[in-house]
Amino acid sequence: MPELPEVETTRRGIEPHVIGKTIDRVLVRQSSLRWPVSPELSQVLTGNRIGQVNRRAKYLLFTTDSGRMMVHLGMSGSLRITDRDSSVRKHDHIDITFRDGTILRYHDPRRFGSVFWLPGTSSHVLIDDLGPEPLSTEFSGDYLFKLSRGRKVAVKLLIMNSKVVVGVGNIYANEALHLAGIRPERVASGISRARYNRLADKIRQVLNDAIASGGTTLRDFVHEDGSPGYFKQSLTVYGRGGEPCLNCGTRLTETRLGNRATVCCKKCQR
DNA sequence: CGCTGACCCTGACGGC
DNA sequence: TGCCGTCAGGGTCAGC
């Protein structure tokens, strides 16, 4: 489900409902996610107050006085703000209830997500070696160009590699490459600095636009209140294999790259 | 070190 | 109506 814009949209939606609130109790109905939910989660969170809600890559970090809760939504996860009057649905795996009755509810049918407790100021191996944030100044065409020298991978897989840059998933990789006019399968080392500058710009553009639209809803992405995102209307290639390119009318081809759907206009993208 | 493919899991959808 | 195969926005890991 979520790429960076959806995670950021979730963060912004949830933040005002949980900041400064004290946790009354935590209910873990299903602890078998991508990795087991930290067994001490309930005990350590209870009585703690949420100070900040931050994002690193596609991880959400809830800071408390004694440590941080790190949440990843995987492919199908979502976080919603609700209350005790709402009915519990299938796959509502974790409820964090605050003293004012607000509930932060984690829902994840496929269970590819994860929830960890990071004591004190400790970090986690899953976020220790990540690449730069795509919307930070660290990320640029020059950075991509330098990093790509000697790399034989397809450029689409390069930009989807979280050690290179975080937060670029399959939807936005397809979109950015189309906007930049670059074939997804092109070998990373063979692309010029100028074209990487254009690609970096388009990655930033497509992510910013998606955040501004409240994220992309394809199947089950919803905001903290259950409403959908509206960026789907702006997608130019993803999910449009066989349909005409909005730029030149050529039939878009759909192939697989790294076992993921890859859509390309053979005329606009070289 | 770089790269490829298998794999974790449930649900939706299309073809028969 | 049901059964079966395929696919889905993520990311790790073993193996070469």
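All values derive from a computational prediction rather than experimental measurement. (Residues numbered from 1 in each chain as written. Chains lettered and ligands numbered in written order. Predicted model: local features only at pLDDT ≥ 70, side-chain atom pairs only at ≥ 80, totals over all residues. Heavy atoms only, no water.)

J.: Hey, could you run me through the protein's contact with DNA strand B in this one?
T.: For DNA strand B, the full set of nearby residues is Arg 34, Lys 90, His 91, Pro 109, Arg 110, Arg 111, Phe 112, Arg 151, Lys 152 and Val 153. In DNA strand B, the atoms that sit within 4 Å of the protein are 64% sugar and phosphate, with bases accounting for the remainder. The backbone of Val 153 places a nitrogen or oxygen atom 3.0 Å from a phosphate oxygen of DNA strand B. Across the surface near DNA strand B, the residue classes tally to 3 nonpolar, 1 polar and 6 charged. (Near = heavy atom within 4 Å. Polar contact = N/O pair within 3.5 Å; in protein donor to acceptor, adjacent residues only side chain to side chain. Nonpolar A, V, L, I, M, F, W, Y, C, P; charged D, E, K, R; others polar.)

J.: What am I meant to see in the pattern of salt bridges here?
T.: Side chains that differ in sign of charge can pair as their charged atoms come close. Evaluated as defined, the whole model comprises 16 salt bridges. The residue Glu 8 makes a salt bridge to Arg 12 at a minimum N-O spacing of 2.8 Å. Here Arg 12 and Glu 8 lie together in helix α1 (residues 4-18), a separation of 4 residues that amounts to about one turn. For Glu 8, a relative accessible area of 7% gives the class buried. A relative accessible area of 47% places Arg 12 in the partly exposed class. With a closest N to O distance of 2.8 Å, Asp 100 and Lys 21 form a salt bridge. Taken together, the positions of Asp 100 in the loop between β6 (92-98) and β7 (102-107) and Lys 21 in the loop between α1 and β1 (23-28) put the pair 79 residues apart, joining distant regions of the chain. (Salt bridge = Lys/Arg side-chain N within 4 Å of Asp/Glu carboxyl O. Helix = DSSP H or I, 4+ residues; strand = E, 2+ residues; numbered from the N terminus. Buried < 20%, exposed > 50% of the residue type's maximum accessible area, 1.4 Å probe, protein only.)

J.: Help me out: how do you make sense of the pairing of strand β3 (residues 59-63) in this one?
T.: On a regular strand, each side chain points to the face opposite its neighbour's, so the side chains alternate between the two faces of the sheet. β3 sits mainly inside the fold: 4 of its 5 residues count as buried. Strand direction decides the pairing type here: strand β2 (residues 52-56) and β3, joined by 5 bridges, are antiparallel. Following the sheet pairing, Arg 55 is matched in β3 by Leu 60. Here β2 hands over to β3 after 2 residues, with Ala 57 in that stretch at a positive phi of 55°. Pairing of β3 with strand β4 (residues 67-72) involves 5 bridges; the strand directions are antiparallel. Looking at the pairing, Thr 63 lines up with Arg 68 of β4. (Pairing = 2+ DSSP bridges.)

J.: Could you clarify how one ought to interpret unusual backbone geometry in this entry?
T.: In this model, His 91 sits at a positive phi of 75°, which is unusual for a non-glycine residue. Mapping His 91 onto the fold places it in the loop between β5 (78-83) and β6. Despite not being glycine, Asn 259 has its phi angle at roughly 65°, a positive value. Within the secondary structure layout, Asn 259 lies in the loop between β9 (253-257) and β10 (260-264).

None of this, on its own, says anything about what the molecule does.
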